[in-house]
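Understanding the architecture of this molecule
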Amino acid sequence: MPDPTAYWARNLRYLAILLAIWFAVSFGCGILFADALNAVRIPGTGFKLGFWFAQQGSIYVFVVLIFVYARLMNRLDREYGVAEE
Amino acid sequence: MDVRLWTFILVGLSFALYIGVAIWSRAGSTRDFYVAGTGVSPLANGMATAADWMSAASFISMAGLISFMGYDGSVYLMGWTGGYVLLAMLLAPYLRKFGAYTVPEFVGERYYSQVARVVAVACAIFVSFTYVSGQMRGVGIVFSRFLEVDVTWGVVIGMGIVFFYAVLGGMKGITYTQVAQYCVLIFAYMVPAFFLAVMLSGTFIPQLGFGGADPESGVFLLDKLDGLHRELGFTAYTDGTKSTIDVFFITAALMVGTAGLPHVIIRFYTVPRVRDARVSVGWALLFIAILYTTAPAVAVFARTNLLDTVAGQPYEAMPEWFSKWEDTGLITFEDRDGDGNIRYVADPAENELTIDRDIMVLANPEISRLPNWVVGLVAAGGLAAALSTAAGLLLVISSAISHDLLKRALKPDISERGELLAARISAAFAVVVAGLLGINPPGFVAQVVAFAFGLAASSFFPVIILGTFTRTMNREGAIAGMLSGITFTAAYIIYFRFINPAADSPGNWWFGISPEGIGTVGMLLNFAVALTVSKFTPAPPASVRELVDRIRVPGGNA
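Cut-offs and rules
Residues numbered from 1 in each chain as written. Chains lettered and ligands numbered in written order. Predicted model: local features only at pLDDT ≥ 70, side-chain atom pairs only at ≥ 80, totals over all residues. Helix = DSSP H or I, 4+ residues; strand = E, 2+ residues; numbered from the N terminus. Rg over C-alpha atoms; globule rule 2.2 N^0.38 Å. Buried ≥ 20, exposed ≤ 12 C-beta atoms within 10 Å, placed from the backbone. Contact = placed C-beta atoms within 7 Å. Expected span 1.5 Å × (residues − 1). Bend = angle between axes of the 7 residues up to and from the residue. Nonpolar A, V, L, I, M, F, W, Y, C, P; charged D, E, K, R; others polar. Core = buried A, V, L, I, M, F, W, Y, C linked by C-beta atoms within 7 Å. Axes fitted to C-alpha atoms, helices over the stretch in contact; angles between N-to-C directions. Left-handed = near helix turned anticlockwise from the far one by under 90°. Parallel < 35°, antiparallel > 145°, perpendicular 65-115°, else oblique. pLDDT = per-residue confidence, 0-100.

In terms of regular secondary structure, chain B is built from 22 helices and two strands. In summary, chain B has a C-alpha radius of gyration of 24 Å against a globular reference of 24 Å for 558 residues, a match within 12%. For chain B, the C-alpha atoms occupy an extent of roughly 80 × 55 × 40 Å along the three principal directions. The buried share of chain B, reckoned over its 558 residues, is 58%. Pairs at least 24 apart in sequence give 82% of the contacts found in chain B among residues at least 6 apart.

Assigned secondary structure in chain A consists of three helices and zero strands. Relative to a compact globule of 85 residues, whose C-alpha radius of gyration would be 12 Å, chain A shows 17 Å and is clearly more extended. The dimensions of chain A, computed from C-alpha atoms along their principal axes, are 55 × 20 × 15 Å. Taken across its 85 residues, chain A has 36% of its residues classed as buried. A separation of at least 24 residues holds for 50% of the contacts in chain A among residues at least 6 apart in sequence.

Further remarks concern helix 4 (residues 56–69) of chain B. Residue and element names in this part refer to chain B. In this model, helix 4 (14 residues) spans 19 Å end to end at C-alpha, consistent with the 20 Å of a helix rising 1.5 Å per residue. Residue Met62 marks the point of greatest curvature in helix 4, where the axis turns by about 45 degrees. Of all 14 residues in helix 4, 12 are buried, a share of seventy percent or more. For helix 4, every residue scored as buried is listed here: Ala56, Ala57, Ser58, Phe59, Ile60, Ser61, Met62, Ala63, Gly64, Leu65, Ile66 and Ser67.

Okay, the interface of chain B and chain A next. Across the contact, 43 residues belong to chain B and 37 residues belong to chain A. Within the residue set of the side of chain B that touches chain A, elements represented by two or more residues are helix 5 (74–98), helix 10 (221–232), helix 11 (244–260) and helix 13 (274–310) of chain B. Broken down by element, the residue count for the side of chain B that touches chain A peaks at 12 residues, all from helix 13 of chain B. When grouped by side-chain class, the residues that make up the side of chain B that touches chain A number 24 nonpolar, 13 polar and six charged.

Residues and elements named next belong to chain B. Residues other than glycine seldom take positive phi values, yet Thr38 does so here, at roughly 45 degrees. Backbone geometry at Phe511 places phi at a positive 50 degrees, although glycine is not the residue there. By the secondary structure assignment, Phe511 is in the loop between helix 20 (475–499) and helix 21 (518–535). Since 10 C-beta atoms lie within 10 Å of it, Phe511 is described here as exposed.

What follows concerns the nonpolar core. Grouped together as the largest cluster of nonpolar side chains are 215 residues, with contacts concentrated most on Ile66 of chain A together with Leu185 and Leu394 of chain B. If one sorts the elements of this core by residue count, helix 8 (residues 151–201) of chain B sits on top with 23 residues. Residues in contact with Ile66 of chain A, not counting those within four places in the same chain, are Tyr84, Val85, Ala88, Val281, Gly282 and Leu285 of chain B.

The next subject is the packing of helix 8 of chain B against helix 16 (residues 372–410) of chain B. Put simply, helix 8 of chain B and helix 16 of chain B touch, their axes get as near as 6 Å, and they point 145 degrees apart. Crossing of helix 8 of chain B against helix 16 of chain B: the hand is left-handed.

We now examine the environment of Val35 of chain B. Residues and elements named next belong to chain B. With respect to the element layout, Val35 can be found in helix 2 (residues 30–35). Taking the C-beta count within 10 Å as the criterion, Val35 has 27 such neighbours and is therefore assigned buried. Separated by 231 residues in the primary sequence, Val35 and Ile266 place their C-alpha atoms 7.7 Å from one another. With residues up to four places along the chain from it excluded, the contact list for Val35 reads Tyr101, Met171, Tyr269 and Thr270.

Take the packing of helix 6 (residues 103–110) of chain B against helix 16 of chain B next. Residues and elements named next belong to chain B. At their nearest, the axes of helix 6 and helix 16 sit 9 Å apart, and the two run at 30 degrees to each other. Taken together, helix 6 and helix 16 sit at an angle that is classed as roughly parallel. Where helix 6 abuts helix 16, its residues Pro104, Glu105 and Gly108 lie against Ala400, His403, Asp404 and Arg408. Counted by class, the contact of helix 6 with helix 16 contains two nonpolar, two polar and three charged residues.

On to the confidence of the model for chain A. Residue-level pLDDT values for chain A average 92, and 98% of them are 70 or greater. Here helix 2 (residues 34–37) of chain A stands out as the element of chain A with the lowest mean pLDDT, 90, in contrast to helix 3 (residues 49–79) of chain A, whose mean of 95 is the highest.

Once that is clear, we can look at helix 1 (residues 4–32) of chain A. The largest bend along helix 1 of chain A measures about 30 degrees and falls at Ala24 of chain A. For helix 1 of chain A, the complete set of buried residues consists of Tyr7, Asn11, Trp22, Val25, Ser26, Cys29, Gly30 and Ile31 of chain A. Buried-residue contacts for helix 1 of chain A involve helix 2 and helix 3 of chain A together with helix 5 and helix 11 of chain B.

Caution applies to low-pLDDT parts of the model: their predicted coordinates are not meant to be read in detail. Residues at a pLDDT of 70 or more form 98% of chain B, whose mean pLDDT is 87. Mean pLDDT values over the elements of chain B span from 75, in helix 18 (residues 445–458) of chain B, up to 95, in helix 21 of chain B.

Below you can see the structure in the form of structure tokens.
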């Protein structure tokens, strides 16, 4: 029987990494460093980078993060034999 | 065909669809009524959640708000989507494993306390009623503007429809009508957005057109808008006027509040397994993101269009839509300098034009001279958004009354049939109260929206997280945390919004944090108080520690 504590520790590690990205794209790029990033433009578009993260980019990253988490956890569930039927 | 006829046809067809779906998916048991028999597929639940979440405010008001706020509008875009990441990773899978019918049920069981349960019931009912009155109002506005019926009759018709499928079908009926409503609302939102994108940027994908250039002059739309803003004395569109700290705290409060809203959380009780709950949040956010990444593009198109059409132009030359909206009082023009031209500038002493933000999405098709059927489609979409959210909220209210109060607290020996009947009666009662609030909205509806998010952020979110991620959090800590979080948040909002509204300005706020953002501080306070109190009070019983171990793992024998 695999160790539930180890399962939980792996889950927490995934959470720490994914939530760090979540924080970085929204509160980081979209808010705290938005002014600095606004000096840069996405080539070929009218988007200033900070503004783009705040109104577009962060949302795209959020969607990807959730699907990545769901996949990682499905794999972890199987590895530890706790997947549902 | 004229706009009104198209609107009647499209709204009528969409209503017939909802009623058909409702008849097909009636509820037969309390399990059907509260959690749709936990048989909803993750994809369908994602769509239903998206419709549940996107309210009249998201559909009708948000793009308009952003078009007036520019960069500052980002708080809504990030705040109302980022919460789903928290939901997917910190709440939904564990609550699904726990397998309750309602949010107060989890709080009551995990903290082995009727007091905690009742505090949670009170929060759930308050948050939901706050929200639902706004939805009913939205229904009334769409009816009165597009079908030229009285607002009261509009609300009554909306009540009738919601009554039919919420009371009959419970969560099961609501879920499948929400799926239909999502399809209607997203189609209605995207069609005008495609038209606008082609007209203003030459590409038909709004998310790209947003960063694109005017096909004639080759100037980027955002640069053009920044320039127009400076000319008229506004802050540049991409800059905003709120302080960084306020933007940070408002965004956080909306994110955490979203993750703590009971009508969103309970949607994830309806899927069969924990893994379905995780991926279902992803589908939900994907469906929401389609609208939420389009809204800021629509905001830019609408703003550019509006400034081009009205600013500095002669009043006599205004198109038909202008006078139509003037009749509703949502556009007002006062020719102060008497030159017959519309002066639209930032300086309130010189400005001659006021435009209600709420009309931007509704008026957009007319401002851009889109075909009549598009206008009718937007009306049907606005109604779908308002009705789907109203139904989800009504279910929270009804299950809080019939399940948490009646079954769990007052009359535990009630039969299955008795509870189902009680659930239907309380849903009916909630529909009527919501309708009355929509017809006679208390003047403070707009102000209390900050409340809904602030309270959800400072009450539910911390206790659910602590209930899962610590095994030692006890009854005393949770109750003290919830009460201190709510009291602090409510006191701050009530002071600035009701007792002393004159002081409601950045200079007087604590650290420059507005009442919209104070829920974040309330949440942190809740965490701090709960953790401190739990250190000095008895640990939870062994059965609760086992419960925590069990909800952390999806299946198997753990």
